[in-house]
Amino acid sequence: FCLPTNEENDDFCPKLAAMLEGQRMEWDELPPECDEGCVEYKWRLGPEHTHRRLERLATQMKFRLTEGNGIAYYLLGVRDSGIAEGLTAR
């Protein structure tokens, strides 16, 4: 999977893969979310979502799965800017 940064178009994939493999996320080093690829940031998910919102989220998940050839990564607690709120750096 690949998550290029919006600013530099660098491939964030190797770094994120290493973080996941080592089971150590560096929450303070995430780039802004990219509209393409199989990685999705979600600040929060809750029971208050309407049926329409759930349909949009399902469509989004299908897109991410398609982009990742059946694999999608969701990083919860992370805003689209790449800032993790309420999570420590380790």
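Enquirer: Got a sec to walk through the overall build of the protein chain? Specific residues and values, please.
Expert: Secondary structure summary: the protein chain contains two helices and two strands in total. Per-residue burial for the protein chain yields a buried fraction of 30% across its 90 residues. As presented, the protein chain carries roughly 6,200 Å² of accessible surface, and 51% of it is formed by carbon and sulfur atoms.

Enquirer: Please set out the pattern of salt bridges residue by residue, giving values where relevant.
Expert: For the structure on display, the rule yields five salt bridges. For Glu85, the salt bridge identified is with Arg79, shortest N-O distance 2.6 Å. A relative accessible area of 31% means that Arg79 is categorised as partly exposed. Overlapping salt bridges, with partners in common, bring together Glu33, Glu40, Lys42 and Arg64 in one network.

Enquirer: Tell me what's going on with the packing of aromatic side chains, and back it up with residues and numbers.
Expert: The full count for this structure, using the stated rule, is zero aromatic pairs. In this structure, Arg79 is placed above the aromatic ring of Trp43, and the distance from its NZ or CZ to the ring centre is 4.0 Å.

Enquirer: Any details on the confidence of the model for the protein chain? Residues and values, ideally.
Expert: Considering every residue of the protein chain, the mean pLDDT works out to 79; 80% of them sit at 70 or more. Across the protein chain, helix 2 (residues 51-67) holds the top mean pLDDT of 92, while helix 1 (residues 13-21) sits lowest at 74. Scored below 50 in pLDDT, residues 1-9 shows 29 contacts in the model against residues more than four places distant or in partner chains.

Enquirer: Lay out the side chain of Glu40 in plain terms, naming residues and giving numbers.
Expert: Relative to the elements of secondary structure, Glu40 occurs in strand 1 (residues 39-42). Within polar-contact distance, the side chain of Glu40 engages the side chain of Arg64 at 2.7 Å. Not counting chain neighbours up to four residues away, the residues in contact with Glu40 comprise Glu33, Gln60, Arg64, Tyr73, Tyr74 and Leu75.

Criteria and thresholds
Residues numbered from 1 in each chain as written. Predicted model: local features only at pLDDT ≥ 70, side-chain atom pairs only at ≥ 80, totals over all residues. Heavy atoms only, no water. Helix = DSSP H or I, 4+ residues; strand = E, 2+ residues; numbered from the N terminus. Buried < 20%, exposed > 50% of the residue type's maximum accessible area, 1.4 Å probe, protein only. Areas by Shrake-Rupley, 256 points an atom, 1.4 Å probe, with all protein chains shown as cover. Salt bridge = Lys/Arg side-chain N within 4 Å of Asp/Glu carboxyl O. Phe/Tyr/Trp six-rings, centres within 6.5 Å; stacked < 30°, edge-to-face > 60°. Lys NZ or Arg CZ within 6 Å of the ring centre and 35° of its normal. pLDDT = per-residue confidence, 0-100. Contact = heavy atoms within 4.5 Å. Polar contact = N/O pair within 3.5 Å; in protein donor to acceptor, adjacent residues only side chain to side chain.

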